[in-house]
Amino acid sequence: METAIYVRVSTEEQAQEGFSIRAQEQKLKDYVRIKDWSIYKIYADEGISGKDITGRPAVKEMITDIKAGYVKNVLVFKIDRLTRSTADLIYLVDLFNANDCEFNSLMESIDTQTASGRMFIKIIGIFAEFERENIIERTRVGVERKVKEGYSLCTSSASFGYDRVKGQKIQTVNPAEAEVVRDIFGMFVDNGLTLTDIARRLNLRGISTKQGKTWASGKVRRVLANCNYVGDVRHHMNDSRHKREYDGLHEAIIPQELFDAANGILEENKKVGITKPPNDDKYFAGFLVCAKCGYKLKTYESRKKLKTKIQITVGYVCRNHTLGTCTVGSMSHKKVEAAFEEYISEIADFDAVDTRSLAEEEKAKHDNSEAISSLENKLKNLETRERETLERYVRNEIDFEDYRQMKDLVASDKQVLGAELERLKAAQNPVASKPQEIALNFKKNWDGLSNPERRAFLKQFVERIVIESVKTKCDYFGQVKIREVKWRM
Ligand SMILES: [Zn+2]
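To keep things clear, this report deals only with the structure shown in the data block. Small disclaimer: the values here were computed from a predicted structure and weren't measured. (Residues numbered from 1 in each chain as written. Predicted model: local features only at pLDDT ≥ 70, side-chain atom pairs only at ≥ 80, totals over all residues. Heavy atoms only, no water.)

1. Concerning helix α4 (residues 86–98)
Point 1. Taking 1.5 Å of rise per residue, the 13 residues of α4 would be expected to cover 18 Å, and the 18 Å separating its terminal C-alpha atoms lies within 8% of that figure.
Point 2. Listed in full, the buried residues belonging to α4 are Asp 88, Leu 89, Ile 90, Leu 92, Val 93, Asp 94, Leu 95, Phe 96 and Ala 98.
Point 3. Two residues or fewer after α4 comes Asp 100, characterised by a positive phi angle close to 55 degrees. (Helix = DSSP H or I, 4+ residues; strand = E, 2+ residues; numbered from the N terminus. Expected span 1.5 Å × (residues − 1). Buried < 20%, exposed > 50% of the residue type's maximum accessible area, 1.4 Å probe, protein only.)

2. Quick word on the packing of aromatic side chains
Point 1. Within this structure, the stated rule accounts for 13 aromatic pairs.
Point 2. With a centroid separation of 5.8 Å and an interplanar angle of 80 degrees, the aromatic rings of Tyr 31 and Trp 37 are classed as edge-to-face.
Point 3. You can call Trp 37 buried: its relative accessible area is 10%.
Point 4. Ring centres of Phe 185 and Tyr 229 lie 6.3 Å apart, and the angle between their planes is 80 degrees; this geometry places the pair in the edge-to-face category. Of this pair, Phe 185 sits in helix α6 (residues 175–189) while Tyr 229 sits in the loop between α8 (217–224) and β8 (232–235), and the two are 44 residues apart along the sequence.
Point 5. Ring-pair connections join several aromatic residues into one group, and the members of that group are Tyr 283, Phe 284, Tyr 316, Phe 340 and Trp 446. (Phe/Tyr/Trp six-rings, centres within 6.5 Å; stacked < 30°, edge-to-face > 60°.)

3. A closer look at the pattern of salt bridges
Pairing between side chains becomes possible if they bear opposite charge and their charged atoms approach one another.
Point 1. Using the criterion set out here, one finds 15 salt bridges in the structure.
Point 2. Taking the shortest distance from any N to any O, the salt bridge between Glu 25 and Lys 29 comes out at 3.6 Å. You can see Glu 25 and its partner Lys 29 sitting in helix α1 (residues 21–35), 4 residues apart, about one turn around the helix.
Point 3. Judged by relative accessible area, which is 14%, Glu 25 ranks as buried.
Point 4. Three or more residues joined by partner-sharing salt bridges are found here, namely Arg 22, Glu 25 and Lys 29. (Salt bridge = Lys/Arg side-chain N within 4 Å of Asp/Glu carboxyl O.)

4. Some words on the sheet that holds strand β3 (residues 73–76)
Point 1. Ordered in space as β2-β1-β3-β4-β5, the 5 strands form an open sheet in which the pairing is mixed. Both outer strands of the open sheet, β2 (38–46) and β5 (110–111), are each paired with one neighbouring strand and no more.
Point 2. For strand β4 (residues 102–105) and β5, the ladder comprises 2 bridges, and the chain directions are antiparallel. Looking at the pairing, Asn 104 lines up with Asp 111 of β5.
Point 3. On the sheet, α1 packs against β1 (2–9), β2, β3 and β5 and is oriented at approximately 160 degrees with respect to β1. (Pairing = 2+ DSSP bridges. Contact = heavy atoms within 4.5 Å. Axes fitted to C-alpha atoms, helices over the stretch in contact; angles between N-to-C directions.)

5. What to know about the coordination of the zinc ion
Coordination angles at a metal have ideal targets, namely 109.5 degrees for four tetrahedral donors and 90 or 180 degrees for six octahedral donors.
Point 1. Looking at the metal site, the zinc ion is ligated by Cys 290 (SG), Cys 293 (SG), Cys 318 (SG) and Cys 326 (SG), spaced 2.2 to 2.3 Å from it.
Point 2. Taken together, the 4 donor atoms surrounding the zinc ion define angles of 96 to 118 degrees at the centre, an arrangement classified as tetrahedral. (Donors = N, O, S within 2.8 Å, 3.2 Å for Na, K, Ca; no water. Tetrahedral: all angles 85-135°; square planar, octahedral: opposite > 155°, others 65-115°.)

6. With respect to the nonpolar core
Point 1. If you look at the biggest cluster of nonpolar residues, it comprises 32 residues, and the most contacted ones within it are Phe 284, Phe 340, Phe 442, Leu 458, Val 462, Ile 465 and Trp 487.
Point 2. Looking at this core element by element, the count peaks at 6 residues for helix α11 (residues 333–349).
Point 3. Setting aside its immediate chain neighbours within four residues, Phe 442 contacts Phe 340, Ile 344, Phe 457, Leu 458, Phe 461, Val 462 and Trp 487.
Point 4. Ranked by size, the runner-up nonpolar core spans 30 residues in total, among them Tyr 162, Phe 188, Ile 254 and Leu 323. (Core = buried A, V, L, I, M, F, W, Y, C linked by side-chain atoms within 4.5 Å.)

As far as function goes, none of this settles anything; it's purely spatial.
As structure tokens, this is what we get:
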């Protein structure tokens, strides 16, 4: 086990026999030999007090090596050699735990290979947990105060209509975007356009959102409901119970009356209840995803007056098609049903999937597990970094802006690693036989099911169906093709 020996003496202790650096070192070296460990390095802070760990180059170096994974065990003569500060000790033990590093102290007989040693570490761990929660609580209070003082938090970016210059705490008006915001409120309140209509117009004019994306009804609604535009700031906006709004320090774009009018209409719309319960005749509702743009398909109903009756066609259409940003058009329920039946019959007919040898499969699995554990380690390190950043902010070593930026950086790293991890983990479980089982199950039962039963069946086994309509020259309406069915398992 790669062991770091840490020794320290203060100036006053130098003279005392038994406490000299050499004496400590010798005893620890002997102990390492008895335990059959190997010494990675001896870290020595000479003539430095143990009040806390700041200003101790050897401790700093050791921490760096632990984080880098070189050191798997730390051995000291006595805990007070490492530090006399409880906060430091908690921090260090927490760091050891996070990096799979053992901790041993000779005088206190703390040996993580013994039950009492592990107990000690556990107790320290509980303190660490408590301390962390305290820090989070203190930060929460700090954030709350910032909002009350009128600073906009905007953890990801400023709202559409505003800019936030780096290092500047108050957002400034972006004149071009502010004009669009005024226009949105105008179209909604004065012209009575629907959210979808507004989104379509913005897209047609080539205006994109703050993130460079196209507009959709939900995004328009968020603009209309954003109190930033009347000069307020908000906190806990996604949590109705803790939601708070305060007077902001930035400039308003929209007069209060217009804002209130818009939100009155939004509130009214909510009462009318635009969302209809899923229709049994359209039992694929909610499952279909556009293969081109990745958005969900919504249902439609068209009525055609024939000589003796009214013919109603039900079907699905890509949300973005309505907004004018996707070319995948409408498809009737009948066609989707036929395509789905074809898809499940194709999977169910395909047998003898397992052409790969067992050894090969085992090997692939193993290869993955190494990558997985490396990713998991990286994620763990990121979590440590996240915590450290928070602690530094609480200790006032960095200001809020730096904290926010560092936090965003770590968060985006975490997201990337997390997604990769999920992908690897999913690939590790050989699921080849499972979709076939489900498909077979579908094939056997499908014909005998009523529409509501089919919907229930889909709900149980299907997460989403990726679909598109391909137009060929001779077929005006296009052919519905299922690209992929994501099974629930
Ligand atoms: Zn689409």
